[in-house]
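Secondary and tertiary structure notes
The primary structure of each chain is shown beneath.
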Amino acid sequence: MSREPIINSVNFRLHILASLFAALTAVGAFIRLPIPYVPLTLQTFFVILSGALLGPRFGALSQILYLAVGLLGVPIFANGGGPGYVLQPSFGYLLAYPAAAYVIGFILWGWNPSGAPPKLATLRILTANLAGLCLIYLLGVMGLYFNLNFVMGKTTTLAHAVWIGCIVFLPGSVVKVAVATFLVPKMQRVLVMRST
Amino acid sequence: MEEVSLRTAAKLREFAKKVKGKVGDSSAVLFYLIFLKNSLILFFSKYGSKMGFIRDITLGQYHAGHSLLHVLDPRTKLLASLILMVCLLFAERPGSIVLHGTFCLLVWRLSGLPGRLVFGNLKPFLWIVSVTALVHIFTAEGRVLLIVPVFDWSISDQGLANALVYSARLLFLVLFAAFLTLTTPPTELTDGLEKMMSPLKKLRLPVHELALMMTLSLRFIPILIREAERVKNAQLSRGVSLEGPFLQRVRALLPMILPLFVLAMQRSEELAVAMESRAYSGGQGRTSYRELTMTQNDAAAIGLVSLVFVFTVAMG
């Protein structure tokens, strides 16, 4: 088993994988895990994986696809879908997905376009995932703050936005990041096996 | 007796003052409402369906039919919804809200869709709409109509008008989007989008590839949902337990996620092979089974929507 992918069709396969990850992210919103006190869906989990496994460009592309399909009206966001979703307070989190996938992919892949190094240090994966998570929350809370103040037309302090938009969901996200960090190397192996 | 009630009233007033000091203005009310909603989510995630691993979704809400709205070109419908959504941002007076309301009703009559289907789309937006309405009711300056007794919040005529306008705007936005997706199948939508965006090919944007990938992910979603359900059942029948202490539950996730992922990889590989063996080679010179054509109906629809736009901008 070599790491060399099939050169002529690898790009084509990455395109298909990107659409697959868009679909996985969509499905992830509907897979709810029965863990007490933590509303846990697999969504950010697949955002992390798309960046880590497809790299910055295709990871971000897969998340952009997810957004595009949802905005087109297919109900794949947590509360439905459609262009009107731009006005939902949680839209900032969705906007952060492509950026997070890009950052995670970049930390793991660097400038290397053919793939992440085969043996990644766990610490590096963890750092990448946490960076992605921070980005999601940063943009998400900013979106929430902006939405509350300008769309719903009501002034809210930033502290309120941070509390309702971040602190409540933090425990679940930490679990997800831990599981994702553990799974990335395993899934990388699956992916390499398939593409050779 | 009277003394007691007086004392209670005094206590109540004191309590109200204290609460008001804490609650402050309505932004705090908003905060508490959202906090309440999140706590409810947390609460129900504990008691919510343990085996309901996957939430029911109806994908591609397309509702087949032969109405005027169904036969319009997807490009027309996309453009019209875009115009209407921009238009709603200009609607600030009750007059233009009424205009949009009548237009909405007209479109609904033309579409021949069952009302349950159309208005069911509003459900996920109801809480944000009601919060918006509540916030606006209590905050605008104007002639005071009513004062909520304990908390001293006043409701003014301006507040009522604002609440109406802002919540109606949100509702119409959702409704117009719903009409688009209910009368157009997703594949036609991506087709229309590809055609509309095709001038961007000159800017070296891979329009065809993007449209194809959107169609692919649409196709993947129901497949993956079915696979996830199958993996779940297979693992449950092998004795994987979704109950027990926290760490055990987290560990039980792995036998759910990993097989799903491997199956998904298989699917995508099969698809890649199938497309290659049919000599798929990108969008260059590709023809399609259904050709999109514009008719007089489309021109009329665009004209009508532009009229609504002009009136709304004029009325404010």
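What counts and what doesn't
- Every chain is numbered on its own, with residues counted from 1 as its sequence reads.
- Going through the entries in the order they are written, you letter the chains from A and number the ligands from 1.
- Where local features are concerned, this predicted model is filtered to residues with pLDDT of at least 70; where side-chain atom pairs are given and counted, the filter is 80 or more; whole-chain, interface and lining totals use all residues.
- Note: side-chain values were computed over all heavy atoms of the structure, leaving out hydrogens and water.
- Comment: elements are numbered from the N terminus, with helices defined as DSSP H or I runs of at least four residues and strands as E runs of at least two.
- Relative accessibility under 20% of the residue-type maximum defines a buried residue, over 50% an exposed one, and the middle range a partly exposed one, all with a 1.4 Å probe and only protein chains included.
- Contacts are assigned to residue pairs with any non-hydrogen atoms lying within 4.5 Å of each other.
- To measure how exposed things are, a 1.4 Å probe is used in the Shrake-Rupley method; for residues, cover is taken only from the protein chains shown.
- To define axes, lines are fitted to C-alpha atoms, for helices over the stretch in contact only, and angles between the resulting N-to-C directions are given on a 0 to 180 degree scale.
- An angle counts as roughly parallel when it lies under 35 degrees, as roughly antiparallel when it exceeds 145, as roughly perpendicular when it falls between 65 and 115, and as oblique in every other case.
- We call a crossing left-handed when the near helix sits turned anticlockwise from the far one by less than a right angle, and right-handed when that turn is clockwise.
- Ten residue types, Ala, Val, Leu, Ile, Met, Phe, Trp, Tyr, Cys and Pro, are classed as nonpolar, four, Asp, Glu, Lys and Arg, as charged, and the remainder, Gly among them, as polar.
- Salt-bridge detection follows one rule: a side-chain nitrogen of Lys or Arg within 4 Å of a carboxyl oxygen of Asp or Glu.
- Among the buried residues, those of types Ala, Val, Leu, Ile, Met, Phe, Trp, Tyr and Cys that are joined through side-chain atoms within 4.5 Å form a nonpolar core.
- Each patch is built from salt-bridge-free residues with over 30% relative accessible area, joining like charges within 9 Å and nonpolar side chains (Val, Leu, Ile, Met, Phe, Trp, Tyr) within 5 Å.
- Across the chain, each position has a pLDDT score giving the predictor's confidence in that residue, from 0 to 100.
- The span expected for a helix works out to 1.5 Å for each residue beyond the first.
- Criterion for a disulfide: a pair of cysteine sulfur atoms within 2.5 Å.
- Think of a polar contact as two N or O atoms within 3.5 Å of one another; within protein, one of them needs to be a possible hydrogen donor and the other a possible acceptor, and neighboring residues in sequence only count if both atoms come from side chains.

Let's shift gears to the overall build of chain A. Secondary structure assignment for chain A yields six helices and two strands. Walking chain A from its N terminus toward its C terminus, one meets helices and strands in the order α-β-β-α-α-α-α-α. Among the 196 residues that make up chain A, the fraction classed as buried is 60%. Nonlocal contacts in chain A, meaning residues at least 24 apart in sequence, comprise 67% of its contacts between residues at least 6 apart. Looking at chain A as shown, the accessible area adds up to about 7500 Å², and 73% of this sits on carbon and sulfur atoms.

Helices and strands together make up the secondary structure of chain B, namely 12 helices and two strands. Going residue by residue from the N terminus, the α and β elements of chain B occur as α-α-α-α-α-α-α-β-β-α-α-α-α-α. Taking all 316 residues of chain B together, the buried fraction comes to 39%. When the accessible surface of chain B is split by element, carbon and sulfur atoms take 65% of a total near 18100 Å².

For the rest of this paragraph, the subject is the packing of helix α5 (residues 94-111) of chain B against helix α12 (residues 296-315) of chain B. Residues and elements named next belong to chain B. Where α5 contacts α12, the axes come no closer than 9 Å and their chain directions differ by 165°. Between α5 and α12, the crossing angle belongs to the class labelled roughly antiparallel. In the packing of α5 onto α12, the handedness of the crossing is left-handed. Between α5, through G95, S96, L99, H100, F103 and L106, and α12, the contact on the second element is made entirely by L304, V305, V308, F311, T312 and M315. Residue composition of the contact of α5 with α12, by class: eight nonpolar, four polar and no charged.

Right, let's get into the pattern of salt bridges. For the structure shown, the criterion picks out six salt bridges over all chains. Across the pair E229 of chain B and K232 of chain B runs a salt bridge whose closest N-O atoms are separated by 3.4 Å. Highlighted residues: E229 of chain B and K232 of chain B, both in helix α10 (residues 207-237), separated by three residues, approximately one helical turn. Residue classification places E229 of chain B among the partly exposed residues on the basis of a relative accessible area of 30%. The structure contains a network of salt bridges with shared partners spanning R13 of chain A together with E269 and E276 of chain B.

Counting 121 residues, the largest nonpolar core has F45 of chain A together with F176 and F179 of chain B as the members making the most contacts within it. Top element by residues in this core is helix α2 (residues 43-71) of chain A. It accounts for 14 residues. Those residues in contact with F179 of chain B, other than ones at most four positions away along the chain, are L69, C104, V107, W108, S111, L113 and V118 of chain B.

With that settled, consider the packing of α2 of chain A against helix α3 (residues 91-109) of chain A. Residue and element names in this part refer to chain A. At a minimum axis distance of 8 Å, the contact between α2 and α3 shows a crossing angle of 155°. Classified by the angle their axes make, α2 and α3 are roughly antiparallel. The handedness of the crossing between α2 and α3 comes out as left-handed. Counted by class, the contact of α2 with α3 contains 23 nonpolar, eight polar and one charged residues.

Glancing now at a nonpolar patch on the surface. Residues and elements named next belong to chain B. A contiguous nonpolar surface patch, about 680 Å² in accessible area, is contributed by L68, V71, L106, L110, L304, L307, F311 and M315. Among the secondary structure elements, those contributing two or more residues to the nonpolar patch are α3 (68-71), α5 and α12. Note on placement: M315 falls in helix α12. On the accessibility criterion, M315 (32% relative accessible area) is partly exposed.

Here the focus is the confidence of the model for chain B. Residues and elements named next belong to chain B. Averaged over all residues, the pLDDT of chain B is 77; the fraction at 70 or higher stands at 77%. Under a pLDDT of 50 for its full length, residues 45-59 has, in the predicted model, 36 contacts with residues more than four places off or in other chains. Interface confidence in the predicted complex, given as ipTM, is 0.82; pTM for the same model is 0.74.

All right, on to helix α4 (residues 74-90) of chain B then. Residues and elements named next belong to chain B. Along its 17 residues, α4 runs 25 Å from first to last C-alpha, staying within 8% of the 24 Å computed at 1.5 Å per residue. Most of α4 sits out of view: 12 of its 17 residues are buried. Listed as buried for α4 are P74, R75, T76, K77, L78, A80, S81, I83, L84, M85, C87 and L88. On the buried face of α4, the contacting elements are α3, α5, α8 (157-183), α9 (186-197) and α12.

Below, the discussion takes up unusual backbone geometry. Residues and elements named next belong to chain B. At R204, a residue that is not glycine, the phi angle is positive and equals roughly 65°. The residue R204 is located in the loop between α9 and α10 in this model. The backbone phi angle of A279 is positive, close to 60°, even though this residue is not glycine. For A279, the location among the structural elements is in the loop between α11 (246-277) and α12.

Looking now at the environment of G105 of chain A. Residue and element names in this part refer to chain A. Within the secondary structure, G105 sits in helix α3. Residues G105 and L49, 56 residues apart in the sequence, show an inter-C-alpha distance of 8.9 Å. Not counting the four nearest positions on each side in its chain, G105 is found in contact with G51, G55, P56 and G110.

A few words on the environment of L79 of chain B. All names here are of chain B. Within the secondary structure, L79 sits in helix α4. Under the relative-accessibility criterion, L79 is labelled partly exposed at 34%. Spatially, the C-alpha atoms of L79 and I302 are 8.0 Å apart, while their sequence positions differ by 223 residues.

All names here are of chain B. Taken as a whole, this structure holds zero disulfides over all chains when the rule is applied. No disulfide involves C87; its nearest neighbouring cysteine sulfur is the one of C104, lying 12 Å away. For C87, a relative accessible area of 0% translates into the label buried.

All names here are of chain B. Along the chain, the position of T184 falls in the loop between α8 and α9. In terms of polar contacts, T184 uses its side chain to reach the side chain of K77, at 3.1 Å. A polar side-chain atom of T184 sits 2.7 Å from the main-chain carbonyl oxygen of L180. Leaving out residues up to four positions away in the same chain, T184 has contacts with Y62, P74, K77 and L189.

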